[in-house]
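Close look at the chain arrangement
This is what each chain is made of:
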Amino acid sequence: MKTLFYSFKDFENSYFQKADCRYQSIEMTSETLGVESAYLAKGFDAISIFSGDNASAEVLQHLRIFGVRYITIRATGYDNVDIAKAESLGIRVANVPAYSPHAIAEHAVALMLALNRKIILSHRNLLNQDFRIDDLIGFDLHGKTVGIVGTGKIGSALAKILDGFGCSILAYDMHQNENIQSLYGVKYCTLNELAAKSDIISIHLPLTDQTRWLIDEDFLIHMKQGAMLINTARGAIVKTVDVIAALKSGHLKYFGTDVYEKERGVFFFDHKHSVLTDNCLDMLLKMPNVLVTPHQAFATTEALQNIAAGTLHNLECWSKQVRNENELNGSPDQRSTNGGLLPDTRSNLINNFEG
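Numbering of residues begins from 1 in every chain and follows the order in which that chain's sequence is written. Whole-chain, interface and lining totals are the exception, using all residues; otherwise, since this is a predicted model, local features are given only for residues with pLDDT of at least 70 and side-chain atom pairs are given and counted only at 80 or more. To get the side-chain values, take all heavy atoms of the structure and skip hydrogens and water.

To continue, consider the layout of surface pockets. Residues are called lining when one of their atoms sits within 4 Å of a cavity or pocket point, these points coming from a 1 Å grid over the protein atoms alone, where a cavity is a set in which a 1.4 Å probe fits but cannot get out and a pocket is an open set with protein on both sides within 12 Å along at least five of seven lines. Grid points are joined across faces, edges and corners, and a volume is the space filled by probe spheres set on the points. Here the largest pocket defines a volume of roughly 620 Å³. Residue lining of the largest pocket: 33 residues in total, with S51, D79, N80, L207 and R264 positioned closest to the centre.

Put into structure tokens, the structure is as follows:
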């Protein structure tokens, strides 16, 4: 099967070289998939894309004309692919599910600790030979209440870690995970209760029409004064302008995020010689109580090995015309990027707020 990898990064190369590619004819390009670059796939049976690629209905239409029949996503999330359109065009799509929930969960905790213990500020002070700790006072994570929104594989992995810290854990998901309830004492509640009682809230949902801007002014108002918000899911689940307003007012004390609402074309690229024109991102980067990382939560050796293996598995299944359990069939809104199940509509989510 002749396959073109879009958005191929240098850091991926060694992992695919070590993986078994004997059944495949693979070419790589650093170009991002979009309307202008779809022509590169002419003559290829399949393409592989990353989270920043654009596989919208218009792009899929071009790909089908150029002969593409298969798309394998080098990620779990697939909000950048119009699954319904792909199905209508006869293009089969697969992802790499649950390649490393531990990587994402551990990064979420890293953001919590770095913000709380002011690690970035401490490092900067020491570089200036300032060894005072007056501005470096944090709090014990032990005994704090952490709310997890979305308890699929990633949210469940986070619950295990937080239990080890001695945290009380609240959770919201339309489908409760009995395993984490019994093992870690997780208590499910409404979003309103989770917001009001949590010292820290961590988001672990896929981006769908129903979860877009779930974390907006209404949600933030219900949050506990001085709380911390962590997002290692998808940028557009958070309405950035509302988060900035909450940070400026002091209602939200900390914000840690590995994703950003308008990250496409920014994250994964070197922009040090250009002017940052995104005012919201610029403000976030300058706030001392905000920590932004460039969508790196997935970037562990184990995760990258699993992504390479899963991507090649998808291609091999299609080459051999055998069942591929990673194919994305049916409505994308009924699947979760972390293995959990989600509410059917945004109204169901919002209606859980009391008043």
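Text resumes after the structure shown.
Turning our attention to the sheet that holds strand β6 (residues 145–149). In this analysis, strands are considered paired if DSSP registers two or more bridges between them. The secondary structure listing takes helices from DSSP runs of H or I that are at least 4 residues long and strands from runs of E that are at least 2 residues long, numbered from the N terminus. Spatially, β8-β7-β6-β9-β10-β11-β12 is the arrangement adopted by the seven strands of the open sheet, whose pairing is parallel. Edge positions in the sheet fall to β8 (187–188) and β12 (290–292), since each has one partner strand and no second. As defined by bridge partners, β6 adjoins strand β9 (residues 200–203) across four bridges and the pair is classed as parallel. Among the inter-strand pairings, V146 is bridged to a residue of β9, identified as I200.

A few words now on the pairing of strand β1 (residues 2–5). One ladder, built from four bridges, connects β1 with strand β2 (residues 25–28); its direction is parallel. In the strand pairing of β2, L4 is matched with E27. Pairing analysis gives three bridges linking β1 to strand β3 (residues 46–49), with the strands arranged parallel. If you follow L4 over to β3, its bridge partner there is I47.

Another point: helix α10 (residues 240–249). When we look at burial in α10, the residues that qualify are T240, D242, V243, I244, A246 and L247. In the segment just after α10, G250 is the residue with positive phi, at about 90 degrees. Only protein chains enter the accessibility calculation, which uses a 1.4 Å probe; a residue is then buried when its area is under 20% of its type maximum, exposed when over 50%, and partly exposed in between.

Let us look at empty space enclosed by the protein. Where empty space is left in the structure can be found by rolling a water-sized probe over the atoms. On inspection of all chains with the given rule, the structure shows two cavities of 30 Å³ or more. Considering only enclosed or pocket space, the largest cavity measures out at about 50 Å³ in volume. Lining the largest cavity are N231, G235, V238, T240, F255, T257, V259, Y260, E261 and L284. Side-chain classes follow a simple rule in which Ala, Val, Leu, Ile, Met, Phe, Trp, Tyr, Cys and Pro form the nonpolar group, Asp, Glu, Lys and Arg form the charged group, and the remainder, Gly included, forms the polar group. Grouping the amino acids of the lining of the largest cavity by side-chain chemistry returns five nonpolar, four polar and one charged.

Basic side-chain nitrogens of Lys or Arg form a salt bridge, by our definition, when they fall within 4 Å of a carboxyl oxygen of Asp or Glu. Considering all chains together, one arrives at nine salt bridges under this definition. A salt bridge links R234 to D79; the shortest N-O distance between them is 2.8 Å. One end of the pair, R234, is in the loop between β10 (227–231) and α10; the other, D79, is in the loop between β4 (70–73) and α3 (83–89), with 155 residues separating them in the sequence. Two residues, R132 and D130, come together in a salt bridge whose shortest N-O distance is 2.9 Å.

Once that is clear, we can look at the packing of helix α4 (residues 101–116) against helix α6 (residues 153–165). The relative placement of two packed helices comes down to the angle between their axes together with the axis-to-axis distance. Axis lines are fitted to C-alpha atoms, over the contacting stretch for helices. Their N-to-C directions set the angle, which ranges from 0 to 180 degrees. Between α4 and α6, the least distance of the axes is 8 Å, while the angle of their chain directions is 50 degrees. In terms of their interaxial angle, α4 and α6 are classed as oblique. For the pair α4 and α6, the crossing hand works out as right-handed. Contacts from P101, H102, I104, A105, E106, V109, M112 and L113 in α4 reach K153, I154, A157, L158, I161, L162 and F165 in α6. When the residues that make up the contact of α4 with α6 are grouped by side-chain class, the tally is 12 nonpolar, one polar and two charged. Between 65 and 115 degrees an angle is taken as roughly perpendicular, under 35 as roughly parallel, over 145 as roughly antiparallel, and anywhere else as oblique. A crossing counts as left-handed when the near helix is turned anticlockwise from the far one by less than a right angle, and as right-handed when that turn is clockwise. Residues are treated as being in contact if the distance between any of their heavy atoms lies within 4.5 Å.

Here, nonpolar core refers to any group of buried Ala, Val, Leu, Ile, Met, Phe, Trp, Tyr and Cys residues whose side-chain atoms link them within 4.5 Å. One finds M112, L162, V186 and I230 to be the most contacted residues of the largest nonpolar core, which totals 48 residues. The greatest single-element share of this core, amounting to eight residues, is contributed by α4. Contacts of I230, omitting those with residues within four sequence positions, involve A108, L111, M112, L115, I200, I201, S202, I203 and G256. Within the second largest apolar cluster, 36 residues are counted, among which are Y172, A195, L252 and L281.

The next thing to look at is the environment of E327. Mapped onto the elements, E327 comes out in the loop between α12 (301–320) and α13 (346–350). In sequence terms E327 and I71 are 256 residues apart; their C-alpha atoms lie 9.6 Å from each other. Side-chain polar atoms of E327 contact the side chain of W318, separated by 2.9 Å. A 3.5 Å cut-off defines polar contacts: any pair of N or O atoms within that distance qualifies, except that in protein one atom must be a possible hydrogen donor and the other a possible acceptor, and neighbouring residues in sequence count only when both atoms are side-chain atoms.

Spatially, the five strands line up as an open sheet ordered β2-β1-β3-β4-β5, and their pairing is parallel. Across the chains shown, the open sheet's two edge strands, defined by having one partner strand only, are β2 and β5 (92–94). On average, each strand axis in the sheet is inclined to that of its neighbour by 20 degrees, with strand direction left out of account. Bridge count for β4 against β5 is three bridges, and the pairing is parallel. Bridge pairing in β5 links Y70 to R92. The strands touched by α12 within the sheet are β1, β2, β3, β4 and β5, with β4 carrying the most contacts at an inclination of about 160 degrees.

The residue A98 is not glycine, and still its phi comes out positive at about 50 degrees. Residue class for A98 comes out partly exposed when judged on its relative accessible area of 35%. Positive phi is not limited to glycine here, since F268 has a value of about 80 degrees. Structurally, F268 can be placed in the loop between β11 (252–257) and α11 (279–286).

Function-wise, these values are silent; they only describe arrangement.
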